[in-house]
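Notes for the structure review
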Amino acid sequence: MSSPEALRIAVLVSGGGTNLQALIDNERQLAAAGAACPYTICAVLSDRKAAFALERARQAGIPAETVSAYAALGAERAQNADRDEKRLAVSALVLEKARQYGAEALVLAGFLTVLCGDVISQYAGRMINLHPALLPKFGGAGMWGRHVHEAVLAAGETESGCTVHLADSGCDTGEILLQKKVPVYADDTPDTLYARIAPKEHEAIIEGVGLLARRLYCSADN
């Protein structure tokens, strides 16, 4: 069950949604045990219409919507829009949907659009991002998914992992809340490294949302 103070979160996704599933499963497991969950997922928003994460949400009975540039601008305008216009349009639609569903916080769980505009100020201190590396290393433009793991291996790193941080107007910037580490082996490939990091991502996203909830509860009480 959700606590009366459970933080209402909108989870932003772009792909398969395994980290979303970790959040869904954790909420269910706590409910089955009669324990309070510090969050409740009020909506899932994807910037990709074909993202399987949307189906995961629907199977769990969670409202799921597409917030792509096409959804925000319409097909014709989106085809001719530049990257900045698309980002701003997606960001505005995210803010609109987050407000519609009463989201108190945003959780970026593999969301590939770099948010900008009013959503940044409206959710300042209430938006976290999960990144598949140990920031500040291997962050920034182009550093997502397999690209991150390839870069880690190319650099000869001996450890990698994932980071949960507050999201701001930068790309993979903002205060780091927690990190999970794994070793990097000499015979690793991007796939084997990802397989080692993925379970840590699931742990980190759950812990990160819990940390955010406690932060916001404490600030509201003070």
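What comes next is a walk through the structure. Along each chain, numbering runs from 1 in the same order as the chain's sequence is written. Given that the model is predicted, a residue must reach a pLDDT of at least 70 before its local features are reported, and side-chain atom pairs must reach 80 or more before they are shown or counted; all residues, however, enter totals for whole chains, interfaces and linings. In computing side-chain properties, one takes all heavy atoms of the structure into account and sets aside hydrogens as well as water.

In this section: the overall build of the protein chain. Helices and strands together make up the secondary structure of the protein chain, namely eight helices and seven strands. For the protein chain, the C-alpha atoms occupy an extent of roughly 50 × 50 × 35 Å along the three principal directions. For every residue, the accessible area (1.4 Å probe, protein chains only) is compared with the maximum for its type, and the residue is labelled buried under 20%, exposed over 50%, or partly exposed between those bounds. For the protein chain, buried positions account for 46% of its 222 residues. For the protein chain, contacts bridging at least 24 residues in sequence account for 64% of all contacts bridging at least 6. In these tables, accessible area is a Shrake-Rupley quantity obtained with a 1.4 Å probe, and a residue counts as shielded only by the protein chains included in the view. In the structure as shown, the protein chain presents an accessible area of about 10,500 Å², 51% of it carried by carbon and sulfur atoms. The average position of the 21 basic charges and that of the 26 acidic charges among the side chains of the protein chain differ by 2 Å. Strands here are runs of E lasting at least two residues and helices are runs of H or I lasting at least four, both read from the DSSP assignment and numbered beginning at the N terminus. Note on definitions: a residue-residue contact is assigned when non-hydrogen atoms from the two residues lie within 4.5 Å. In this tally Asp and Glu are treated as negative and Lys and Arg as positive; neither His nor the chain ends contributes. For the purpose of locating charges, the reference atoms are NZ of Lys, CZ of Arg, CG of Asp and CD of Glu.

Our focus in this paragraph is the state of the cysteines. Criterion for a disulfide: a pair of cysteine sulfur atoms within 2.5 Å. Within the structure shown, the criterion is met by zero disulfides. Free of any disulfide, Cys 37 has its nearest neighbouring cysteine sulfur in Cys 42, separated by 13 Å. The class of Cys 37 is buried, set by a relative accessible area of 1%. In this structure Cys 162 is a free cysteine whose sulfur lies 17 Å from that of Cys 171, the closest cysteine sulfur available.

Turning to the packing of helix H1 (residues 18-32) against helix H2 (residues 52-59), a few remarks are in order. The axes are straight lines fitted to the C-alpha atoms, using for helices just the contacting stretch, and the angles between their N-to-C directions are given from 0 to 180°. Running from N to C, H1 and H2 cross one another at 15°; their axes reach a closest spacing of 9 Å. One finds that H1 runs roughly parallel with respect to H2. Here H1 and H2 pass one another in a crossing that is left-handed. Contact with H1, carried on its side by Thr 18, Leu 20, Gln 21, Ile 24 and Arg 28, involves Ala 53, Arg 56, Ala 57 and Gln 59 of H2 and no other residues of that element. The residue classification treats Ala, Val, Leu, Ile, Met, Phe, Trp, Tyr, Cys and Pro as nonpolar and Asp, Glu, Lys and Arg as charged. All others, Gly included, are polar. Here the contact of H1 with H2 is built from residues that sort into four nonpolar, three polar and two charged. Roughly parallel refers to an angle under 35 degrees, roughly antiparallel to one over 145, roughly perpendicular to one between 65 and 115, and oblique to any angle outside these ranges. Should the near helix be turned anticlockwise from the far one by less than a right angle, the crossing is left-handed, and should it be turned clockwise, the crossing is right-handed.

Now for the nonpolar core. Buried residues of nine kinds, namely Ala, Val, Leu, Ile, Met, Phe, Trp, Tyr and Cys, make up a nonpolar core once their side-chain atoms join them within 4.5 Å. Ranked by size, the top nonpolar core spans 41 residues in total, and within it Ile 9, Val 11, Leu 20, Ile 41 and Val 44 carry the most contacts. In terms of residues, this core owes the most to one element, helix H8 (residues 190-221), which gives nine residues. In this structure, Leu 73, Val 90, Val 94 and Tyr 123 belong to the second largest nonpolar core, which totals 27 residues.

When you tally the buried positions in strand E5 (residues 127-131), you get five out of five residues, the bulk of the element. Pairing between strands is defined by DSSP: at least two bridges between them are needed. Where strand E4 (residues 105-108) and E5 come together, three bridges link them in parallel fashion. Looking at E5, one finds that Val 107 is bridged to Ile 128. Pairing of E5 with strand E6 (residues 159-166) involves four bridges; the strand directions are antiparallel. Counted as the bridge partner of Asn 129 is His 165 from E6.

Attention shifts here to the pattern of salt bridges. Salt bridges are counted wherever a side-chain nitrogen of Lys or Arg sits within 4 Å of a carboxyl oxygen of Asp or Glu. On inspection of all chains with the given rule, the structure shows eleven salt bridges. With a shortest N-O distance of 3.2 Å, Arg 146 and Glu 150 are connected by a salt bridge. With Arg 146 and Glu 150 both in helix H7 (residues 146-154) and four residues apart, this pair spans about one turn of that helix. Residue class for Arg 146 comes out partly exposed when judged on its relative accessible area of 42%. With relative accessibility at 37%, the residue Glu 150 sits in the partly exposed group. Here Lys 180 and Glu 203 are joined by a salt bridge, their closest N and O atoms 3.8 Å apart. With Lys 180 in strand E7 (residues 176-183) and Glu 203 in helix H8, this pair connects stretches of sequence that are 23 residues apart. Since its relative accessible area comes to 35%, Glu 203 is described here as partly exposed. Here the salt bridges share partners, and the residues they tie into one network are Arg 146, Glu 150 and Asp 191.

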